[in-house]
Amino acid sequence: MHFHLTEEQAAIQEAVRGTLADHWSLERLHVFADGDADFDRGSWEALMALGLGGVLAPDSGTGLLEAALVCEVAGEVAAPGPLVGQLLAVAAIAHRDGRDADLLEALTSGTKTVSLVHGGSSYALCARSVDQFLVVDRARGVRLVGAADATIEPVRASDRSRPASRVEIATDAGYSLFAADHPMTARLADAALVLVAADALGGAQKVTDMSVAYAKEREQFGQPIGRFQGLKHQLAHMALDVEPARALVWYAAYAWDADLPDAARAAAMAKAHLCDIYVRATRAAVAAHGGIGYTWEYGLHYWFRRAAFNRAWLGSPAEHRARAAELAGW
Amino acid sequence: MDLSYGEAAEAFRGEVRAFLASHWPPTNELRGTELKNFIREFRRQATEQGYLYRAIPKRYGGSEQPVDVIRAQVIREEFQRARAPMEVGGNGMNMTVPTLLEKGTEEQRELFVRKTLEGDYIWGQGYSEPGAGSDLASVRTKGELSADGTKWIINGQKIWTSQGMQATHMFMLVRTEPDAPKHDGITYLLIDLDQSGVTRRPIRQMTGEEGDHTFCEFFFDNAETPVAWQVGDRGQGWYVSRTTLKHERASIGGADGLGRQFAKLVELAKEVNRIDDPLVRDKLTQIEGFVLSHRYSSYRIFSCAAAGDDPGPVSLMMKLLLTEIGHEMALLAQELLGEHAFVEPAGAGGRGNRGPRGPEKWMDQIMGSLGNSIAGGTSNIQRNIIGERGLGLPRDLAISAER
């Protein structure tokens, strides 16, 4: 029985945290957000240099849990980049019979980049910069589509850390990796839900930590405001939302890795729950900070915007709750 | 991550099952005293096997087993599956015994531990007073030494004592040094409740619950207890009591219980034909997100305990989380009940034989969920604990001024 992080898993997460936090200070995030780019090659290469691009490859000794730990840190620092699509593309290609070794190597090392397109969605992250799109559609299967075969229309993106573009892809573009009824199609769709839940977990924890730190340092009425019970209890509730939910993400990742019968449902529950919590945490964080939290410069809005994106991306909490109810046989 | 218990634990499970198969249940014709004696003998044998009273030294009637949370979990699971009685529960096992093992004298352990394990002594908690709730250290029940210095003479009132009508003994916090600072003037005493200076009265709760199984208030009018029954030093009772509250916190919780209650809520939605209502399905799954967070966090805490790792602040959150989920379930149950809520459930709030009960039985949970916000540390106190001990926020000014 083991249901907490091993030293090795904690070390993976620390390594990612060190690398991404180095690259994505608030100052750097401001510069990126005020620029035109939807991708940052330097930080991407640094992340990929850790060798985690292949974390979902079947022979890697790691799995969705480790992938979730990576995505959690990306959510924590609000890192740009098409991380979810990239990690899933490796899983997809590696699980194919007669797989393309060169492509797999390029995806694993991150020299070729892939963004996820959720079936039915008209948007994709980093679409102007990636080489390929991984289209995951429960109803139509999984396809890999070259950027040249997609129509990409830039928009003024609300999530400034991971700018999205409008993307149009014909249903027969690129080539099919898995048909709709292939088990990998549903598994990839489920894995995507868990990774977005992990990003939400990291972000929700981050804004909670920021709020707690601010409450210890900011003084009013001659006291650190964190001493006042009204705020203290709000912060306690933020933590009460976030910390127990961590185990929900772990379980969903573990269930996927172990291919447990409730893996699909656990993924739906984690996506719905964490994305709800992320929105609530970022709202509470702005409230806990007062005026400074409402400024552009302080930066809380990066997580606020990312929370709004995560909530709608791959389907809203209500949609996944409806699926979870169905999957429970109610 | 791996939720299986491992081969050694599964082999151990086989042993426990074999024991239960040959020792439980009793034959159908056993009743009354005979049944009681059977259960007593069953517990004795289970203890001999090392299944019960694992933390208690053998010389006091325990089985004195090395700490092994996995084995303890297997034992719980198998005893529950067989519906076999586990340890005698209540305040005695949760609070008196651990306190005596840690802080009591040898004479006190000899006198009380075995009798408590065997269910002969039932302990009431004498902490809260009408004027001392969350601010427990403000207790005013007075203890004075008799002229010959051999007895404590106790005057005052205690309240919210569970199992108060059955209790044979009480552990209590009593002010013995009225001039000392608040936390340093309290002594921890044990007292025999069967004496003329003690009057008990059941409190009728909002559930309507009253009679033998409810909370009591106690009045002490020159009640007496030997000085030898004082636990820890005079004036140090506050610090003695700190060990016991931890034990109570650990014994609330219970992920399985919450899971079962949620499953019943789903059954209720089916029973009242609302399970196809999208609003109900959404609300159920929304609540379930928290139920599962609680369950998997309990796995996490359990896993950390097995490995000797610190789970961090999540363990401070489990009680409040459980309470908050209980409120959400109560609100949904209220919606699902509809006009069933017009009927008072049979045996409202009580135990014993309640006969057949319909959906209206949820009124018990609906009211009971409020009790959870109060008992064992109120929700606002839990929020303080999470904020201060978990998040490191500064203590409340009024409280820090006292220390």
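Everything quoted here is computed from the prediction, not taken from an experiment.

**Remarks on the packing of helix α4 (residues 90-103) of chain B against helix α5 (residues 106-117) of chain B**
Residues and elements named next belong to chain B. At a closest axis distance of 10 Å, the pairing of α4 and α5 adopts a crossing angle of 155°. On the basis of their axis angle, the class for α4 and α5 is roughly antiparallel. Our pair here, α4 against α5, has a crossing hand that is left-handed. Residues G92, M93, V97, L100, L101 and E102 of α4 touch α5, and the partners they reach there are Q108, R109, F112, V113, T116 and L117.

**Some remarks on the domain arrangement of chain B**
Where interface size is quoted, it is often the accessible area lost as the parts come together. Residue and element names in this part refer to chain B. If you check the domain split of chain B, you get domain 1 (7-87), domain 2 (95-238) and domain 3 (252-402). Computed over C-alpha atoms, the centres of domain 1 and domain 2 are 31 Å apart. Residue-level contacts link 10 residues of domain 1 with 10 residues of domain 2. Of the roughly 820 Å² buried where domain 1 meets domain 2, counting both sides, 54% is carbon and sulfur surface. Remark: the boundary between domain 1 and domain 2 carries two salt bridges. Note that R40 is salt-bridged to E118, the shortest N-O span being 3.6 Å. For the pair domain 1 and domain 2, the number of links is four residue pairs in polar contact (both at pLDDT 80 or more). A per-class count over the side of domain 1 that touches domain 2 returns five nonpolar, two polar and three charged.

**Quick look at the nonpolar core**
By size, the foremost hydrophobic cluster in this structure holds 201 residues, and its most contacted members are L88 and L134 of chain A together with F79, L265 and L284 of chain B. Dropping the residues within four chain positions of it, L265 of chain B is found in contact with L284, I287, M329, L332, A333, L336 and W362 of chain B.

Reading guide: rules and limits
Residues numbered from 1 in each chain as written. Chains lettered and ligands numbered in written order. Predicted model: local features only at pLDDT ≥ 70, side-chain atom pairs only at ≥ 80, totals over all residues. Heavy atoms only, no water. Axes fitted to C-alpha atoms, helices over the stretch in contact; angles between N-to-C directions. Helix = DSSP H or I, 4+ residues; strand = E, 2+ residues; numbered from the N terminus. Parallel < 35°, antiparallel > 145°, perpendicular 65-115°, else oblique. Left-handed = near helix turned anticlockwise from the far one by under 90°. Contact = heavy atoms within 4.5 Å. Domains from an automatic or database assignment. Buried area = accessible area lost by both parts, 1.4 Å probe. Salt bridge = Lys/Arg side-chain N within 4 Å of Asp/Glu carboxyl O. Polar contact = N/O pair within 3.5 Å; in protein donor to acceptor, adjacent residues only side chain to side chain. Nonpolar A, V, L, I, M, F, W, Y, C, P; charged D, E, K, R; others polar. Core = buried A, V, L, I, M, F, W, Y, C linked by side-chain atoms within 4.5 Å. Buried < 20%, exposed > 50% of the residue type's maximum accessible area, 1.4 Å probe, protein only.

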